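# Report on the structure
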Amino acid sequence: KAGVTQTPRYLIKTRGQQVTLSCSPISGHRSVSWYQQTPGQGLQFLFEYFSETQRNKGNFPGRFSGRQFSNSRSEMNVSTLELGDSALYLCASSPGGRGGGEQFFGPGTRLTVL
Amino acid sequence: DQQVKQNSPSLSVQEGRISILNCDYTNSMFDYFLWYKKYPAEGPTFLISISSIKDKNEDGRFTVFLNKSAKHLSLHIVPSQPGDSAVYFCAASAAGNNRKLIWGLGTSLAVNP
């Protein structure tokens, strides 16, 4: 079975721009979660989608948004980029019915905001 | 407010010895705990988990112990190998709140040959 894939792997943007990151979960997985990882901050939960609906949300500003498609693929959008948005963005999928269980992570998208 | 705390940012151990990584939590509603390992430039990979109905779970060289009264869990790696050098994250979830995973900040383990 193919693992979780994320595109692009690396991205450089400037302040004020917007960005869209993509995540393809493991086949059959219906839950997709997004995390932001910055040095010293661990994994900060952004949101989780299950069957095209946002099931959980972290404490990030409204500039961070996401969606999930009927094939479970998910996208994350960040508008009006700030320098502090530079981070590794990780996507994780799970079968999803119960939530909170084992999640399978992709390699991440490294976003640099200049 | 950090509900899951890994108080040691780093740990260094000799190859062949035991590595003990600790994790404390504050939310008594947490009933499922997981450990993940992360290498640089890769996403975290699941290592081992434990439900609150147990106090120990073992998988090969990895054992997780849960002390509910102390709200503490630990991951033991025996024997430690250089390939175990990575950042280890502890995560927890509760039946309420749609089982959102709450993560610790991680402990960087270095196993020296």
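Structural data are supplied above this passage.
Residues numbered from 1 in each chain as written. Chains lettered and ligands numbered in written order. Predicted model: local features only at pLDDT ≥ 70, side-chain atom pairs only at ≥ 80, totals over all residues. Heavy atoms only, no water.

A few words on the overall build of chain A. When you go through chain A residue by residue, the secondary structure sums to zero helices and eleven strands. Listing every helix and strand of chain A by position from the N terminus yields β-β-β-β-β-β-β-β-β-β-β. Dimensions of chain A, computed from the C-alpha atoms along their principal axes, are close to 40 × 30 × 25 Å. Counting over 114 residues, chain A shows a buried share of 53%. In chain A, the proportion of contacts linking residues at least 24 apart, taken out of those at least 6 apart, comes to 55%. Approximately 5200 Å² of chain A is accessible, and the part contributed by carbon and sulfur atoms is 49%. Distance between charge centroids for chain A: 2 Å, based on 12 positive and 6 negative side chains. (Helix = DSSP H or I, 4+ residues; strand = E, 2+ residues; numbered from the N terminus. Buried < 20%, exposed > 50% of the residue type's maximum accessible area, 1.4 Å probe, protein only. Contact = heavy atoms within 4.5 Å. Areas by Shrake-Rupley, 256 points an atom, 1.4 Å probe, with all protein chains shown as cover. Lys, Arg positive; Asp, Glu negative; His and termini not counted. Charge placed at Lys NZ, Arg CZ, Asp CG, Glu CD.)

So, about the packing of aromatic side chains. Ring pairs (aromatic) are described by centroid distance and by the angle formed between their planes. Applying the stated criterion across every chain yields a total of twelve aromatic pairs over all chains. Note on Tyr36(B) and Phe46(B): the rings are 5.8 Å apart at their centroids and 75° apart in plane angle, and the pair reads as edge-to-face. Highlighted residues: Tyr36(B) in strand E4 (residues 30-38) and Phe46(B) in strand E5 (residues 45-51), separated in sequence by ten residues. Since its relative accessible area comes to 27%, Phe46(B) is described here as partly exposed. An aromatic cluster is built from Tyr35(A), Phe45(A), Phe105(A), Tyr36(B), Phe46(B), Phe89(B) and Trp103(B), whose rings are joined through pairwise contacts. Across from the ring centre of Phe50(A), 4.3 Å away, lies the NZ or CZ of Arg55(A), which sits over that ring. (Phe/Tyr/Trp six-rings, centres within 6.5 Å; stacked < 30°, edge-to-face > 60°. Lys NZ or Arg CZ within 6 Å of the ring centre and 35° of its normal.)

With that settled, consider the sheet that holds strand E3 (residues 19-24) of chain A. Residue and element names in this part refer to chain A. With antiparallel pairing, four strands are arranged side by side in an open sheet as E1-E3-E8-E7. Across the chains shown, the open sheet's two edge strands, defined by having one partner strand only, are strand E1 (5-7) and strand E7 (64-68). Across the sheet, the mean angle separating the axes of adjacent strands is 20° when strand polarity is ignored. Sheet analysis places E3 next to strand E8 (residues 74-78), joined by five bridges and oriented antiparallel. Of the residues in E8, the one forming a bridge with Val19 is Val78. (Pairing = 2+ DSSP bridges. Axes fitted to C-alpha atoms, helices over the stretch in contact; angles between N-to-C directions.)

A separate point is a nonpolar patch on the surface. On the surface, a cluster of nonpolar side chains totalling about 230 Å² of accessible area is made up of Ile18(B), Ile20(B) and Val78(B). Inspection of the secondary structure assignment puts Ile18(B) in the loop between strand E2 (10-14) and strand E3 (19-25). (Patch = residues over 30% accessible without salt bridge, like charges linked within 9 Å, V, L, I, M, F, W, Y side chains within 5 Å. Salt bridge = Lys/Arg side-chain N within 4 Å of Asp/Glu carboxyl O.)

A separate point is unusual backbone geometry. Put simply, Thr7(A) and Pro8(A) share a cis peptide bond, and its omega is -10°. By secondary structure assignment, the location of Pro8(A) is in the loop between E1 and strand E2 (10-13). Omega for the bond connecting Val78(B) with Pro79(B) falls within 30 degrees of zero, at -10°, which places this linkage in the cis form. Not every positive phi belongs to a glycine, and Glu52(A) is a case in point at roughly 70°. Note on placement: Glu52(A) falls in the loop between strand E5 (43-50) and strand E6 (53-57). Owing to a relative accessible area of 46%, Glu52(A) belongs among the partly exposed residues under this scheme. Phi angles above zero are rare outside glycine, and Thr80(A) is one such case at about 45°.

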